[in-house]
Amino acid sequence: MEPSQPANEQLRWTVTAQATPAAPGTATVSIIARNPMTPELAFDMIVDWHAGAEAPDVEGRALVILSLLVRELAAECERVAGERFDEG
């Protein structure tokens, strides 16, 4: 098995998430992502905060949701970019 290639440092992200209680049963999760090419991307998400859940659980759920949304956005960006390149 070949050793994996080190990640391109320009693409390596640092991500933080902080849950704050909002309306009853919900939380606002603030997510900040940074890398050398992008000084800051910030997202605020409203997510469910079920009774008994702790902040790390809520933050983790928000991060998973965001990762799924970003994958879909990336796929759509690639599709649209391909159409533009084909046109041009």
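Residues numbered from 1 in each chain as written. Predicted model: local features only at pLDDT ≥ 70, side-chain atom pairs only at ≥ 80, totals over all residues. Heavy atoms only, no water.

**Q** What exactly am I supposed to notice about the confidence of the model for the protein chain here?
**A** Reading fine detail from the predicted coordinates is not recommended where pLDDT is low. Model confidence for the protein chain is summarised by a mean pLDDT of 91, while 92% of its residues fall at 70 or above. Within the protein chain, no element has a lower average pLDDT than strand β3 (residues 38-48), which sits at 94, and none a higher one than strand β2 (residues 26-35), at 96. (pLDDT = per-residue confidence, 0-100. Helix = DSSP H or I, 4+ residues; strand = E, 2+ residues; numbered from the N terminus.)

**Q** Explain the layout of surface pockets to me, please; I cannot follow it from the model alone.
**A** Over the atoms, a rolled probe matching the size of one water molecule traces out where space is still vacant. Looking at the largest pocket, its volume works out to about 290 Å³. In this structure, the largest pocket is lined by Trp13, Val15, Ile31, Ala33, Leu41, Phe43, Leu63, Leu66, Ser67, Val70, Arg71 and Leu73. Among the secondary structure elements, those contributing two or more residues to the lining of the largest pocket are β2, β3 and α1 (55-87). (1 Å grid on protein atoms, 1.4 Å probe; cavity = no way out; pocket = protein on both sides within 12 Å on 5 of 7 lines; lining within 4 Å. Points joined across faces, edges and corners; volume = space filled by probe spheres on them.)

**Q** What exactly am I supposed to notice about the pairing of strand β1 (residues 14-21) here?
**A** Look at any regular strand and the pattern is simple: side chains alternate between the two faces of the sheet. With 8 bridges joining them, β1 and β2 adopt antiparallel strand pairing. Within the sheet, the bridge partner assigned to Thr20 lies in β2 and is Thr28. Between β1 and β2, which pair antiparallel one after the other, the connecting turn spans 4 residues, and Gly25 there sits at a positive phi close to 85 degrees. (Pairing = 2+ DSSP bridges.)

**Q** Please explain α1 as it appears in this structure.
**A** Residue pairs three or four apart in sequence face the same way in an α-helix, which turns once every 3.6 residues. Taking 1.5 Å of rise per residue, the 33 residues of α1 would be expected to cover 48 Å, and the 48 Å separating its terminal C-alpha atoms lies within 8% of that figure. Check the buried side of α1 and you find it contacts β1, β2 and β3. (Expected span 1.5 Å × (residues − 1). Contact = heavy atoms within 4.5 Å.)

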